[in-house]
Amino acid sequence: MALKQGDKIGILGGGQLAQLLIKAANKLGLKTLVFDPNEDSPAFNIATEFICEPFSNQKALESFSKKSDIVTYEFENIPLATIDIITPHCKVSPNREALKIGQNRLLEKAFINQLGINTARYSQISSKKELLEFCKLTASKSIIKTTTSGYDGKGQVVIEPGKINTAAIEIIENTECIVEEFQEFHSEASIIASRGESGSVLTYDSGANLHKDGILINTTVPSKLPKELEIEMALIAGKILNNLDYIGVMGIEFFVTSQGLILNEFAPRVHNSGHWTLDGCLINQFEQHIRAISGWPLGSTNRHSNIVMTNIIGEKITTDIKENQSIYSYGKKEIRAGRKMGHINTIHE
Ligand code: ATP
Ligand code: MG
């Protein structure tokens, strides 16, 4: 059943993505209730209501779900046990299966490969011996990643051929990890896709992404990728969303290589590389997500401007902005190295 004016959206996680989802919900006449264990959550400032409790607090979660008309999440590392407490009382969108796969790199890669979509060659590893065996199969560098809980390149170690360092051994012996072949890509790109209750899928134009040390620095649209790659990304997105019976917005990241597109990962939520849509489209990714999970029709994903989205990372929000720039501050109290403080959308020719 579609949400109506004044209904309440429960959001798990209170970071900047929740903040931008709340703004979209408010615009549409909907209320919000944010759940996050961190008392400094940026989204608490603008949510209709918030609950500051651990994701394991059953009583608080029950109250949260009874007060919500639909529950969604702003990051994929929400424990599945949390979802299981909510589900008897309130529908969760995107669904549990999408979250389960999206939060575990092993499940994610197996799922993607089973759909006939290419990923980097990978293997689960838990010992130096297994790592050595994997490295024998590949002439290039490899990259170790924690199977779960990674974001912004955290929990990743790159290893040169034949040179296994102590950081690599430490991480695989202490945490569940995968190793994957390092991709010597030409560029990185992503696509933001959405699927509504009716099963219709709409994608935004792909963005060209620049990362440094695993953190997204900027996204440029148009991506200037060949048309056939744009189409391939949209078709891949449709395949994934349909297969998961997905409702909401998803961000899908790719490496563009001489062998074609290699899917890096997907995020079952709104995505940093889709922040350009705030100033490039009539309906941005946040509003699209709210429309989708509310059972409303999706909006146009047409792009009306050329944009570079630049993250403000580990530094103060600048006031030195030009007339063609739109700035977003997440209102985070503490500036830390590598922390996303805001972003700027610059409209260009
Ligand atoms: P986020 O969730 O913030 O996007 P993450 O921590 O889940 O990041 P990934 O997306 O897997 O991590 O990796 C972050 C970045 O590290 C990639 O965008 C890319 O620049 C680089 N990277 C990751 N895996 C590979 C690989 N196999 N080959 C080359 N570069 C890689
Ligand atoms: Mg990524």
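Please read these numbers as outputs of a predicted model, since none were measured by experiment.

**Student:** Would you mind showing me how to read the pairing of strand β4 (residues 70-73) here?
**Tutor:** Each regular strand displays side chains that alternate between the two surfaces of the sheet. Side chains I70 and T72 project from β4 onto one buried face, and the interleaved V71 and Y73 project onto a second face that is buried too. Relative to β4, strand β1 (residues 8-12) is paired through four bridges, and the arrangement is parallel. From the neighbouring strand, I11 faces β4, where its bridge partner is T72.

**Student:** Please explain the coordination of the magnesium ion (ligand 2) as it appears in this structure.
**Tutor:** For a metal bound by four donors in a tetrahedral arrangement, the ideal donor-metal-donor angle is 109.5 degrees, while six donors in an octahedral arrangement ideally sit at 90 or 180 degrees. Surrounding the magnesium ion (ligand 2) are the protein donor atoms E253 (OE), E253 (OE) and E265 (OE), which sit 2.0 to 2.6 Å from the metal. Of this pair, E253 sits in strand β13 (residues 248-257) while E265 sits in strand β14 (residues 260-267), and the two are 12 residues apart along the sequence. Comparing E253 with E265, the two get one shared label, buried.

**Student:** Can you help me understand the pattern of salt bridges in this one?
**Tutor:** If the charged atoms of two oppositely charged side chains come close together, the side chains can form a pair. Using the criterion set out here, one finds 19 salt bridges in the structure. Within this structure, K8, E49 and K67 form a network of salt bridges that share partners.

**Student:** Honestly, the domain arrangement of the protein in this entry has me stumped. Any pointers?
**Tutor:** Accessible area lost upon the coming together of the parts serves often as the stated size of an interface. Domain annotation for the protein reports domain 1 (8-92), domain 2 (121-181) and domain 3 (187-348). Taken over C-alpha atoms, the centre of domain 1 sits 22 Å from the centre of domain 3. In this assembly, 20 residues from domain 1 lie in contact with 23 residues from domain 3. Counting each side, the surface lost to burial between domain 1 and domain 3 is near 1900 Å², with a carbon and sulfur contribution of 66%. Taken as a group, Q16, L20 and L28 account for 27% of the area that domain 1 buries against domain 3, more than any other trio of residues on that side. The tally of links between domain 1 and domain 3 comes to four salt bridges. In this structure, R269 engages E76 in a salt bridge whose closest nitrogen and oxygen atoms are separated by 2.5 Å. Counting every contact that joins domain 1 to domain 3 gives six residue pairs in polar contact (both at pLDDT 80 or more). Elements supplying a minimum of two residues to the side of domain 1 that touches domain 3: α1 (16-27) and β4. Looking at the side of domain 1 that touches domain 3 element by element, the count peaks at eight residues for α1. Here the residues of the side of domain 1 that touches domain 3 sort into 12 nonpolar, three polar and five charged.

**Student:** Quick question: what am I supposed to make of the site of ligand 1 here?
**Tutor:** Around ligand 1 lies a shell of 20 residues, among which K145, D152, G153, E188 and E265 are the nearest. E253 is positioned with one of its side-chain polar atoms (N or O) 3.0 Å from an oxygen atom of ligand 1. Those elements that place two or more of their residues in the shell around ligand 1 are β6 (142-146), β8 (177-181), β13 and β14. Considering only residue class, the shell around ligand 1 consists of five nonpolar, seven polar and eight charged. Shared between two domains, the shell around ligand 1 takes at least three residues from each, and those domains are domain 2 (121-181) and domain 3 (187-348).

**Student:** Please clarify how the side chain of S142 should be interpreted in this entry.
**Tutor:** The topology assignment puts S142 in strand β6. Given a relative accessible area of 1%, S142 falls into the buried group. Apart from residues lying up to four places away in sequence, S142 is in contact with F134, C135, V157, V158, I159, V179, E180 and F182.

**Student:** Just to check I follow, could you spell out unusual backbone geometry for this structure?
**Tutor:** Peptide bonds are mostly trans, and most non-glycine residues show a negative phi. P94 follows S93 through a cis peptide bond whose omega is -5 degrees. By secondary structure assignment, the location of P94 is in the loop between α3 (80-86) and α4 (96-102). The amide bond that connects V221 to the next residue, P222, takes the cis arrangement and shows omega of 0 degrees. For P222, the position within the fold is in the loop between β12 (215-221) and α8 (227-243). We note that D213 has phi near 50 degrees; this positive angle belongs to a residue other than glycine. Residue placement: D213 occurs in the loop between β11 (207-212) and β12. Under the relative-accessibility criterion, D213 is labelled exposed at 67%.

**Student:** Even after reading the chapter, I still don't get the environment of L20, so can you show me in this structure?
**Tutor:** Residue position: L20 is located in helix α1. Between the C-alpha atoms of L20 and F286, which are 266 residues apart in sequence, the distance is 6.5 Å. Sequence-distant contacts of L20, that is, excluding residues within four places in its chain, are made with H275, L278, F286, Y328 and H343.

**Student:** Teacher, can you tell me more about the nonpolar core here?
**Tutor:** Within soluble globular proteins, side chains that are nonpolar generally end up buried alongside one another. I9, I11, L30, V34, W276, F286 and I290 are the most contacted members of the largest nonpolar core, which has 35 residues in total. Elements supplying a minimum of two residues to this core: β1, α1, β12, α10 (285-293) and β15 (306-313). In terms of residues, this core owes the most to one element, α1, which gives seven residues. Two domains each provide a minimum of three residues to this core, namely domain 1 (8-92) and domain 3 (187-348). Aside from chain neighbours lying at most four places away, what touches V34 is I11, G13, G14, I22, A43, F44, A47, E49, F50, I51 and F64. Listed in part, the 25 residues of the second largest apolar core include A98, A189, L229 and L244.

Conventions used here
- Residues numbered from 1 in each chain as written.
- Chains lettered and ligands numbered in written order.
- Predicted model: local features only at pLDDT ≥ 70, side-chain atom pairs only at ≥ 80, totals over all residues.
- Heavy atoms only, no water.
- Buried < 20%, exposed > 50% of the residue type's maximum accessible area, 1.4 Å probe, protein only.
- Helix = DSSP H or I, 4+ residues; strand = E, 2+ residues; numbered from the N terminus.
- Pairing = 2+ DSSP bridges.
- Donors = N, O, S within 2.8 Å, 3.2 Å for Na, K, Ca; no water.
- Salt bridge = Lys/Arg side-chain N within 4 Å of Asp/Glu carboxyl O.
- Domains from an automatic or database assignment.
- Contact = heavy atoms within 4.5 Å.
- Buried area = accessible area lost by both parts, 1.4 Å probe.
- Polar contact = N/O pair within 3.5 Å; in protein donor to acceptor, adjacent residues only side chain to side chain.
- Nonpolar A, V, L, I, M, F, W, Y, C, P; charged D, E, K, R; others polar.
- Near = heavy atom within 4 Å.
- Core = buried A, V, L, I, M, F, W, Y, C linked by side-chain atoms within 4.5 Å.

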